[in-house]
Amino acid sequence: MVTLAPWRWLGDWGQRSWQRVERRLSDPQLYPFLRSNPLTRWVTRRRTARLYDLMSGFANTQVLVACVRLKVFERLAHDALSAKALAQQVQVPESRLVPLLGAAQSLGLIQRRRDGAYELAALALPLLSHPGLQAMVEHNQLLYQDLAEPEVFLRQRGGHMHEFWPYVEGMSERAAPSSQQSQRYSELMDLSQVFVVEEVLAGHRFGQHQCVMDVGCGMGRLMTRVGQQYPQLRLQLFDLPPVVALASERLQQAGLGGRFECHAGSFKTDPLPRGADLITLVRIGHDHSDEVVADLLRKAWEALPVGGQLLLAEPMAIAELDQANASAYFHFYLMAMGDGRLRSPLDYERLLKQAGFDRVKHVRTGMSIHAHVILSTKLGFTPVFNSTSKVRLTHINVR
Ligand SMILES: C[S@@+](CC[C@H](N)C(=O)[O-])C[C@H]1O[C@@H](n2cnc3c(N)ncnc32)[C@H](O)[C@@H]1O
(Lines give C-alpha, C1' and ligand atoms only; values in the text may rest on other atoms or scores of the structure.)
Protein backbone atom coordinates (compact mmCIF):
# COMPACT_ATOMS: atom_id res chain seq x y z
CA MET A 1 0.00 0.00 0.00
CA VAL A 2 1.31 3.43 -0.82
CA THR A 3 0.97 5.56 2.31
CA LEU A 4 0.70 9.29 2.42
CA ALA A 5 3.89 10.47 4.12
CA PRO A 6 4.66 14.01 3.04
CA TRP A 7 7.37 14.40 5.68
CA ARG A 8 9.51 11.64 4.31
CA TRP A 9 11.36 14.25 2.29
CA LEU A 10 12.72 15.56 5.59
CA GLY A 11 14.80 12.43 6.12
CA ASP A 12 14.86 10.17 9.22
CA TRP A 13 13.74 12.89 11.59
CA GLY A 14 10.79 13.77 9.33
CA GLN A 15 9.77 10.13 9.01
CA ARG A 16 9.92 9.50 12.76
CA SER A 17 7.82 12.61 13.38
CA TRP A 18 5.28 11.53 10.76
CA GLN A 19 5.08 8.05 12.30
CA ARG A 20 4.34 9.64 15.70
CA VAL A 21 1.55 11.69 14.10
CA GLU A 22 0.16 8.58 12.37
CA ARG A 23 0.13 6.68 15.66
CA ARG A 24 -1.81 9.48 17.31
CA LEU A 25 -4.25 9.42 14.40
CA SER A 26 -4.92 5.74 15.18
CA ASP A 27 -5.52 6.23 18.89
CA PRO A 28 -8.99 4.76 19.67
CA GLN A 29 -9.55 7.34 22.40
CA LEU A 30 -9.04 10.17 19.93
CA TYR A 31 -11.27 8.55 17.29
CA PRO A 32 -14.47 10.50 18.12
CA PHE A 33 -12.54 13.76 17.82
CA LEU A 34 -10.55 12.75 14.73
CA ARG A 35 -13.58 11.54 12.79
CA SER A 36 -15.42 14.84 13.19
CA ASN A 37 -12.64 17.42 13.20
CA PRO A 38 -12.48 19.08 9.76
CA LEU A 39 -8.67 19.04 9.80
CA THR A 40 -8.31 15.32 10.53
CA ARG A 41 -11.46 13.61 9.33
CA TRP A 42 -10.20 13.21 5.75
CA VAL A 43 -7.29 11.11 7.05
CA THR A 44 -9.61 8.96 9.13
CA ARG A 45 -11.98 8.55 6.21
CA ARG A 46 -9.22 7.71 3.77
CA ARG A 47 -7.72 5.10 6.06
CA THR A 48 -11.05 3.54 6.87
CA ALA A 49 -11.91 3.25 3.17
CA ARG A 50 -8.51 1.75 2.40
CA LEU A 51 -8.79 -0.79 5.21
CA TYR A 52 -12.28 -1.70 4.04
CA ASP A 53 -10.84 -2.36 0.60
CA LEU A 54 -8.18 -4.61 2.07
CA MET A 55 -10.59 -6.53 4.24
CA SER A 56 -13.29 -6.96 1.62
CA GLY A 57 -11.28 -7.24 -1.61
CA PHE A 58 -11.87 -11.00 -1.77
CA ALA A 59 -15.65 -10.43 -1.89
CA ASN A 60 -15.24 -8.00 -4.80
CA THR A 61 -13.26 -10.62 -6.67
CA GLN A 62 -15.90 -13.26 -6.08
CA VAL A 63 -18.62 -10.90 -7.34
CA LEU A 64 -16.59 -10.61 -10.52
CA VAL A 65 -16.09 -14.39 -10.72
CA ALA A 66 -19.82 -14.99 -10.27
CA CYS A 67 -20.62 -12.51 -13.07
CA VAL A 68 -18.08 -14.17 -15.35
CA ARG A 69 -19.25 -17.72 -14.62
CA LEU A 70 -22.92 -16.80 -15.02
CA LYS A 71 -22.05 -14.89 -18.21
CA VAL A 72 -23.84 -11.82 -16.89
CA PHE A 73 -21.83 -9.48 -19.12
CA GLU A 74 -22.49 -11.48 -22.28
CA ARG A 75 -26.20 -11.62 -21.43
CA LEU A 76 -26.33 -7.84 -21.02
CA ALA A 77 -24.14 -7.16 -24.03
CA HIS A 78 -26.98 -6.42 -26.43
CA ASP A 79 -30.02 -5.66 -24.31
CA ALA A 80 -30.74 -4.41 -20.82
CA LEU A 81 -32.51 -7.06 -18.74
CA SER A 82 -34.66 -7.02 -15.63
CA ALA A 83 -33.49 -8.96 -12.58
CA LYS A 84 -36.33 -11.41 -13.18
CA ALA A 85 -35.37 -12.13 -16.78
CA LEU A 86 -31.71 -12.46 -15.85
CA ALA A 87 -32.55 -14.76 -12.91
CA GLN A 88 -34.38 -17.09 -15.29
CA GLN A 89 -31.46 -17.15 -17.69
CA VAL A 90 -28.77 -17.86 -15.07
CA GLN A 91 -31.00 -20.12 -12.97
CA VAL A 92 -30.35 -18.35 -9.69
CA PRO A 93 -33.31 -17.32 -7.48
CA GLU A 94 -34.12 -13.68 -8.12
CA SER A 95 -33.85 -12.91 -4.39
CA ARG A 96 -30.20 -14.05 -4.46
CA LEU A 97 -29.35 -12.57 -7.83
CA VAL A 98 -30.44 -9.06 -6.85
CA PRO A 99 -27.67 -8.66 -4.20
CA LEU A 100 -25.12 -9.86 -6.77
CA LEU A 101 -26.37 -7.27 -9.24
CA GLY A 102 -26.28 -4.61 -6.52
CA ALA A 103 -22.69 -5.56 -5.71
CA ALA A 104 -21.70 -5.54 -9.38
CA GLN A 105 -23.36 -2.16 -9.72
CA SER A 106 -21.41 -0.69 -6.81
CA LEU A 107 -18.18 -2.03 -8.34
CA GLY A 108 -18.84 -0.23 -11.63
CA LEU A 109 -19.50 -3.40 -13.64
CA ILE A 110 -23.17 -2.87 -14.41
CA GLN A 111 -25.67 -0.08 -13.93
CA ARG A 112 -29.40 0.17 -13.38
CA ARG A 113 -31.64 2.12 -15.68
CA ARG A 114 -34.62 4.19 -14.56
CA ASP A 115 -36.98 1.39 -15.57
CA GLY A 116 -35.11 -0.98 -13.23
CA ALA A 117 -33.39 -3.00 -15.97
CA TYR A 118 -29.66 -3.69 -15.74
CA GLU A 119 -27.15 -2.80 -18.44
CA LEU A 120 -23.37 -2.88 -18.76
CA ALA A 121 -21.21 -0.21 -17.12
CA ALA A 122 -17.76 0.97 -18.15
CA LEU A 123 -15.63 -1.67 -16.39
CA ALA A 124 -17.47 -4.60 -17.95
CA LEU A 125 -16.71 -3.49 -21.50
CA PRO A 126 -13.01 -4.43 -21.57
CA LEU A 127 -13.91 -7.72 -19.89
CA LEU A 128 -16.17 -8.45 -22.83
CA SER A 129 -13.85 -7.33 -25.58
CA HIS A 130 -10.64 -8.99 -24.29
CA PRO A 131 -11.17 -12.72 -23.72
CA GLY A 132 -7.85 -12.86 -21.84
CA LEU A 133 -9.30 -10.88 -18.95
CA GLN A 134 -12.11 -13.32 -18.27
CA ALA A 135 -9.68 -16.22 -18.67
CA MET A 136 -7.45 -14.67 -15.99
CA VAL A 137 -10.43 -14.10 -13.69
CA GLU A 138 -11.16 -17.82 -13.90
CA HIS A 139 -7.49 -18.82 -13.63
CA ASN A 140 -7.05 -16.72 -10.47
CA GLN A 141 -9.44 -19.06 -8.72
CA LEU A 142 -6.52 -21.50 -8.45
CA LEU A 143 -4.56 -18.92 -6.50
CA TYR A 144 -7.63 -18.09 -4.46
CA GLN A 145 -7.89 -21.73 -3.38
CA ASP A 146 -4.19 -21.85 -2.50
CA LEU A 147 -4.54 -18.72 -0.36
CA ALA A 148 -7.56 -19.93 1.60
CA GLU A 149 -5.22 -20.63 4.57
CA PRO A 150 -2.47 -18.06 4.00
CA GLU A 151 -0.33 -19.14 6.93
CA VAL A 152 -0.35 -22.74 5.64
CA PHE A 153 0.41 -21.43 2.14
CA LEU A 154 3.41 -19.54 3.50
CA ARG A 155 4.80 -22.53 5.35
CA GLN A 156 4.66 -25.09 2.57
CA ARG A 157 5.21 -25.24 -1.16
CA GLY A 158 2.90 -26.90 -3.65
CA GLY A 159 -0.77 -26.35 -4.45
CA HIS A 160 -2.99 -25.66 -7.43
CA MET A 161 -0.86 -22.91 -8.95
CA HIS A 162 2.26 -24.99 -8.65
CA GLU A 163 0.51 -27.82 -10.48
CA PHE A 164 -0.64 -25.48 -13.24
CA TRP A 165 2.94 -24.43 -14.07
CA PRO A 166 4.72 -27.73 -14.67
CA TYR A 167 8.03 -26.23 -15.85
CA VAL A 168 8.77 -24.64 -12.50
CA GLU A 169 11.04 -26.84 -10.41
CA GLY A 170 9.25 -28.84 -7.74
CA MET A 171 10.23 -30.12 -4.34
CA SER A 172 11.54 -33.09 -6.24
CA GLU A 173 12.65 -32.75 -9.85
CA ARG A 174 9.62 -32.68 -12.16
CA ALA A 175 9.14 -34.38 -15.48
CA ALA A 176 8.98 -32.19 -18.61
CA PRO A 177 5.46 -30.81 -19.14
CA SER A 178 3.15 -32.97 -21.24
CA SER A 179 1.60 -31.50 -24.39
CA GLN A 180 -1.73 -31.26 -22.61
CA GLN A 181 -0.23 -29.33 -19.67
CA SER A 182 1.73 -27.01 -21.92
CA GLN A 183 -1.24 -26.34 -24.16
CA ARG A 184 -3.32 -25.37 -21.10
CA TYR A 185 -0.86 -22.79 -19.78
CA SER A 186 0.19 -21.62 -23.25
CA GLU A 187 -3.38 -20.80 -24.28
CA LEU A 188 -3.87 -18.77 -21.12
CA MET A 189 -0.58 -16.92 -21.62
CA ASP A 190 -1.39 -16.28 -25.24
CA LEU A 191 -4.70 -14.62 -24.39
CA SER A 192 -3.17 -12.50 -21.66
CA GLN A 193 -0.11 -11.57 -23.73
CA VAL A 194 -2.18 -9.20 -25.88
CA PHE A 195 -1.51 -6.25 -23.58
CA VAL A 196 2.15 -7.09 -23.01
CA VAL A 197 2.84 -7.26 -26.74
CA GLU A 198 1.55 -3.69 -27.12
CA GLU A 199 4.05 -2.48 -24.50
CA VAL A 200 6.91 -4.31 -26.18
CA LEU A 201 6.06 -3.00 -29.65
CA ALA A 202 5.61 0.54 -28.34
CA GLY A 203 8.86 0.37 -26.37
CA HIS A 204 11.34 -0.63 -29.06
CA ARG A 205 12.13 -0.01 -32.76
CA PHE A 206 12.36 -3.56 -34.07
CA GLY A 207 13.04 -2.27 -37.57
CA GLN A 208 16.72 -1.63 -36.73
CA HIS A 209 17.43 -5.38 -36.36
CA GLN A 210 18.07 -8.21 -38.80
CA CYS A 211 17.01 -11.18 -36.71
CA VAL A 212 15.00 -11.41 -33.48
CA MET A 213 14.79 -14.42 -31.18
CA ASP A 214 11.95 -14.70 -28.66
CA VAL A 215 13.07 -17.02 -25.86
CA GLY A 216 10.11 -18.59 -24.04
CA CYS A 217 8.01 -17.57 -27.03
CA GLY A 218 4.82 -19.30 -25.90
CA MET A 219 2.41 -19.62 -28.84
CA GLY A 220 4.35 -17.05 -30.84
CA ARG A 221 2.01 -14.08 -30.58
CA LEU A 222 4.85 -11.55 -30.26
CA MET A 223 6.88 -13.00 -33.15
CA THR A 224 3.77 -13.09 -35.34
CA ARG A 225 3.08 -9.40 -34.72
CA VAL A 226 6.74 -8.45 -35.17
CA GLY A 227 7.00 -10.53 -38.35
CA GLN A 228 3.89 -8.95 -39.84
CA GLN A 229 4.96 -5.42 -38.92
CA TYR A 230 8.61 -5.76 -40.05
CA PRO A 231 8.72 -7.84 -43.26
CA GLN A 232 12.53 -7.67 -43.53
CA LEU A 233 13.11 -9.32 -40.14
CA ARG A 234 14.11 -12.96 -39.69
CA LEU A 235 12.58 -14.64 -36.65
CA GLN A 236 13.78 -17.29 -34.22
CA LEU A 237 11.58 -18.90 -31.59
CA PHE A 238 12.78 -20.87 -28.60
CA ASP A 239 10.66 -22.77 -26.07
CA LEU A 240 10.07 -26.24 -24.66
CA PRO A 241 9.28 -28.79 -27.43
CA PRO A 242 5.46 -28.98 -27.09
CA VAL A 243 5.14 -25.19 -26.85
CA VAL A 244 7.40 -24.30 -29.76
CA ALA A 245 5.32 -26.69 -31.90
CA LEU A 246 2.25 -24.56 -31.16
CA ALA A 247 4.17 -21.39 -32.07
CA SER A 248 5.36 -22.91 -35.34
CA GLU A 249 1.76 -23.69 -36.31
CA ARG A 250 0.67 -20.11 -35.55
CA LEU A 251 3.48 -18.53 -37.62
CA GLN A 252 2.82 -20.86 -40.56
CA GLN A 253 -0.86 -19.98 -40.49
CA ALA A 254 0.04 -16.27 -40.38
CA GLY A 255 1.90 -16.71 -43.67
CA LEU A 256 5.36 -16.25 -42.14
CA GLY A 257 6.70 -19.62 -43.39
CA GLY A 258 10.27 -19.36 -44.70
CA ARG A 259 11.07 -16.42 -42.43
CA PHE A 260 11.25 -18.18 -39.07
CA GLU A 261 13.18 -20.95 -37.33
CA CYS A 262 11.87 -22.82 -34.33
CA HIS A 263 14.25 -24.19 -31.69
CA ALA A 264 12.95 -26.72 -29.19
CA GLY A 265 14.95 -26.92 -25.98
CA SER A 266 15.31 -25.88 -22.39
CA PHE A 267 17.25 -22.77 -21.50
CA LYS A 268 18.13 -24.50 -18.25
CA THR A 269 20.11 -27.23 -19.93
CA ASP A 270 20.77 -26.08 -23.52
CA PRO A 271 22.70 -23.12 -24.92
CA LEU A 272 20.66 -20.56 -26.83
CA PRO A 273 20.97 -20.63 -30.61
CA ARG A 274 23.07 -17.87 -32.21
CA GLY A 275 22.13 -15.65 -35.12
CA ALA A 276 19.80 -13.06 -33.62
CA ASP A 277 20.91 -9.48 -32.94
CA LEU A 278 17.95 -8.97 -30.60
CA ILE A 279 16.77 -11.44 -27.98
CA THR A 280 13.44 -10.90 -26.25
CA LEU A 281 12.52 -12.36 -22.86
CA VAL A 282 8.87 -11.61 -22.25
CA ARG A 283 7.39 -12.71 -18.91
CA ILE A 284 10.14 -15.27 -18.45
CA GLY A 285 12.42 -14.04 -15.64
CA HIS A 286 9.77 -13.70 -12.95
CA ASP A 287 8.94 -17.43 -13.17
CA HIS A 288 12.44 -18.46 -12.08
CA SER A 289 14.96 -18.18 -9.26
CA ASP A 290 17.84 -15.70 -9.40
CA GLU A 291 20.24 -18.55 -10.24
CA VAL A 292 18.21 -19.67 -13.26
CA VAL A 293 17.74 -16.07 -14.47
CA ALA A 294 21.45 -15.26 -14.05
CA ASP A 295 22.31 -18.35 -16.09
CA LEU A 296 19.74 -17.52 -18.78
CA LEU A 297 21.00 -13.94 -19.13
CA ARG A 298 24.54 -15.22 -19.45
CA LYS A 299 23.41 -17.62 -22.21
CA ALA A 300 21.65 -14.73 -23.97
CA TRP A 301 24.83 -12.67 -23.71
CA GLU A 302 26.85 -15.52 -25.23
CA ALA A 303 24.36 -16.00 -28.09
CA LEU A 304 24.32 -12.32 -29.11
CA PRO A 305 26.90 -10.65 -31.36
CA VAL A 306 28.77 -7.59 -30.11
CA GLY A 307 26.31 -4.69 -30.33
CA GLY A 308 23.35 -7.11 -29.98
CA GLN A 309 20.53 -6.24 -27.63
CA LEU A 310 18.38 -7.96 -25.05
CA LEU A 311 14.85 -6.78 -24.42
CA LEU A 312 13.30 -7.92 -21.16
CA ALA A 313 9.63 -7.20 -20.48
CA GLU A 314 7.40 -8.27 -17.63
CA PRO A 315 5.48 -6.83 -14.69
CA MET A 316 7.92 -5.53 -12.07
CA ALA A 317 7.78 -4.13 -8.55
CA ILE A 318 7.38 -0.43 -9.20
CA ALA A 319 6.38 2.13 -6.58
CA GLU A 320 3.58 3.75 -8.53
CA LEU A 321 0.26 4.60 -6.94
CA ASP A 322 -1.86 2.68 -9.44
CA GLN A 323 0.34 -0.42 -9.22
CA ALA A 324 0.18 -1.21 -5.51
CA ASN A 325 -2.50 -3.90 -5.90
CA ALA A 326 -0.82 -5.43 -8.94
CA SER A 327 2.47 -5.74 -7.05
CA ALA A 328 0.80 -7.39 -4.06
CA TYR A 329 -0.91 -9.83 -6.43
CA PHE A 330 2.28 -10.74 -8.30
CA HIS A 331 4.29 -11.25 -5.10
CA PHE A 332 1.83 -13.95 -4.06
CA TYR A 333 1.13 -15.32 -7.53
CA LEU A 334 4.81 -15.96 -8.25
CA MET A 335 5.42 -17.45 -4.84
CA ALA A 336 2.48 -19.82 -5.41
CA MET A 337 3.98 -20.88 -8.75
CA GLY A 338 7.20 -22.02 -7.10
CA ASP A 339 10.66 -20.58 -7.59
CA GLY A 340 10.15 -17.19 -9.20
CA ARG A 341 9.74 -13.76 -7.68
CA LEU A 342 8.59 -10.26 -8.54
CA ARG A 343 11.74 -8.23 -9.17
CA SER A 344 12.26 -4.51 -9.32
CA PRO A 345 13.83 -2.89 -12.39
CA LEU A 346 16.96 -2.44 -10.28
CA ASP A 347 17.11 -6.17 -9.45
CA TYR A 348 17.14 -6.84 -13.18
CA GLU A 349 19.68 -4.14 -13.85
CA ARG A 350 22.01 -5.86 -11.38
CA LEU A 351 21.46 -9.30 -12.95
CA LEU A 352 21.96 -7.91 -16.47
CA LYS A 353 25.20 -6.22 -15.55
CA GLN A 354 26.44 -9.38 -13.83
CA ALA A 355 25.74 -11.29 -17.04
CA GLY A 356 27.90 -8.82 -18.98
CA PHE A 357 25.31 -6.46 -20.44
CA ASP A 358 25.98 -2.74 -20.63
CA ARG A 359 23.93 0.34 -21.37
CA VAL A 360 20.94 -0.90 -19.42
CA LYS A 361 18.04 1.35 -20.34
CA HIS A 362 14.61 1.46 -18.69
CA VAL A 363 12.07 2.17 -21.38
CA ARG A 364 9.09 4.23 -20.35
CA THR A 365 6.01 2.49 -21.66
CA GLY A 366 2.50 3.77 -21.29
CA MET A 367 1.21 0.86 -19.20
CA SER A 368 3.91 -0.51 -16.93
CA ILE A 369 1.20 -2.42 -15.04
CA HIS A 370 1.34 -4.87 -17.96
CA ALA A 371 5.10 -4.81 -18.44
CA HIS A 372 8.12 -2.73 -17.62
CA VAL A 373 10.60 -2.89 -20.50
CA ILE A 374 14.38 -2.99 -20.07
CA LEU A 375 16.74 -2.83 -23.01
CA SER A 376 20.41 -3.68 -22.64
CA THR A 377 23.29 -3.98 -25.04
CA LYS A 378 26.24 -6.36 -25.35
CA LEU A 379 29.38 -4.31 -25.80
CA GLY A 380 32.77 -5.73 -26.67
CA PHE A 381 33.62 -7.15 -23.28
CA THR A 382 33.71 -10.76 -22.18
CA PRO A 383 32.55 -11.41 -18.63
CA VAL A 384 34.61 -14.10 -16.91
CA PHE A 385 32.61 -16.41 -14.69
CA ASN A 386 33.79 -18.35 -11.74
CA SER A 387 32.96 -21.88 -12.96
CA THR A 388 31.15 -22.90 -9.77
CA SER A 389 29.29 -19.78 -8.68
CA LYS A 390 28.91 -18.24 -12.18
CA VAL A 391 29.59 -14.85 -10.62
CA ARG A 392 31.31 -12.43 -12.96
CA LEU A 393 34.79 -11.68 -11.72
CA THR A 394 36.12 -9.22 -14.23
CA HIS A 395 35.80 -7.75 -17.72
CA ILE A 396 38.26 -8.50 -20.53
CA ASN A 397 38.15 -6.38 -23.64
CA VAL A 398 38.20 -8.70 -26.66
CA ARG A 399 38.13 -6.08 -29.38
C1 LIG B 1 4.88 -17.21 -18.53
S2 LIG B 1 5.13 -17.97 -20.07
C3 LIG B 1 5.41 -16.58 -21.13
C4 LIG B 1 5.18 -16.89 -22.57
C5 LIG B 1 5.25 -15.64 -23.48
N6 LIG B 1 6.57 -15.10 -23.56
C7 LIG B 1 4.24 -14.62 -22.98
O8 LIG B 1 4.63 -13.56 -22.51
O9 LIG B 1 3.04 -14.91 -23.07
C10 LIG B 1 6.75 -18.66 -19.92
C11 LIG B 1 7.22 -19.41 -21.14
O12 LIG B 1 8.54 -19.89 -20.88
C13 LIG B 1 8.63 -21.22 -21.34
N14 LIG B 1 9.65 -21.94 -20.57
C15 LIG B 1 9.61 -22.25 -19.25
N16 LIG B 1 10.72 -22.91 -18.89
C17 LIG B 1 11.47 -23.03 -20.00
C18 LIG B 1 12.74 -23.61 -20.28
N19 LIG B 1 13.43 -24.23 -19.33
N20 LIG B 1 13.20 -23.54 -21.54
C21 LIG B 1 12.49 -22.91 -22.53
N22 LIG B 1 11.29 -22.34 -22.32
C23 LIG B 1 10.78 -22.40 -21.07
C24 LIG B 1 7.24 -21.79 -21.12
O25 LIG B 1 7.00 -22.94 -21.88
C26 LIG B 1 6.38 -20.60 -21.48
O27 LIG B 1 6.07 -20.59 -22.85
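Residues numbered from 1 in each chain as written. Predicted model: local features only at pLDDT ≥ 70, side-chain atom pairs only at ≥ 80, totals over all residues.

A word on the overall build of the protein chain
Scanning the protein chain from N- to C-terminus turns up 16 helices and eleven strands. In terms of its C-alpha atoms, the protein chain occupies a principal-axis envelope of roughly 70 × 60 × 45 Å. Put simply, 63% of the contacts in the protein chain that link residues at least 6 apart link residues at least 24 apart. (Helix = DSSP H or I, 4+ residues; strand = E, 2+ residues; numbered from the N terminus. Contact = placed C-beta atoms within 7 Å.)

Things to note about the environment of aspartate 290
Inspection of the secondary structure puts aspartate 290 in helix H14 (residues 290–303). For aspartate 290, a count of 16 C-beta atoms within 10 Å translates into the label partly exposed. Taking the C-alpha atoms as reference, aspartate 290 lies 18 Å from serine 376; in sequence the two are 86 residues apart. (Buried ≥ 20, exposed ≤ 12 C-beta atoms within 10 Å, placed from the backbone.)

Some points on helix H6 (residues 94–106)
Each turn of an α-helix holds 3.6 residues, which means side chains three or four residues apart point in the same direction. The end-to-end C-alpha separation of H6 is 18 Å, in line with the 18 Å expected for 13 residues at 1.5 Å each. Residues of H6 that are buried include every one of Leu97, Leu100, Leu101 and Ala104, and no others. Each buried residue of H6 lies within a common arc of 100 degrees when the element is viewed along its axis, so the set occupies one face. Opposite its buried face, H6 presents the exposed residues Ser95, Pro99 and Ser106, each directed more than 90 degrees away. (Expected span 1.5 Å × (residues − 1). Arc of directions from axis to C-beta.)

Structural notes on the sheet that holds strand E5 (residues 260–264)
The seven strands are arranged E5-E4-E3-E6-E7-E9-E8 in an open sheet whose pairing can be described as mixed. Strands at the two margins of the open sheet, each flanked by one partner only, are E5 and strand E8 (358–363). Each strand axis lies, on average, 15 degrees off the axis of its neighbour in the sheet, ignoring direction. As paired strands, strand E6 (residues 278–282) and strand E7 (residues 309–314) are joined by five bridges and run parallel to one another. By the bridge assignment for E7, leucine 278 is matched with glutamine 309. Packing of helix H13 (residues 241–253) onto the sheet brings it into contact with strand E4 (234–239) and E5, and relative to E5 it is tilted by some 165 degrees. (Pairing = 2+ DSSP bridges. Axes fitted to C-alpha atoms, helices over the stretch in contact; angles between N-to-C directions.)

Shape descriptors only; they carry no functional weight alone.
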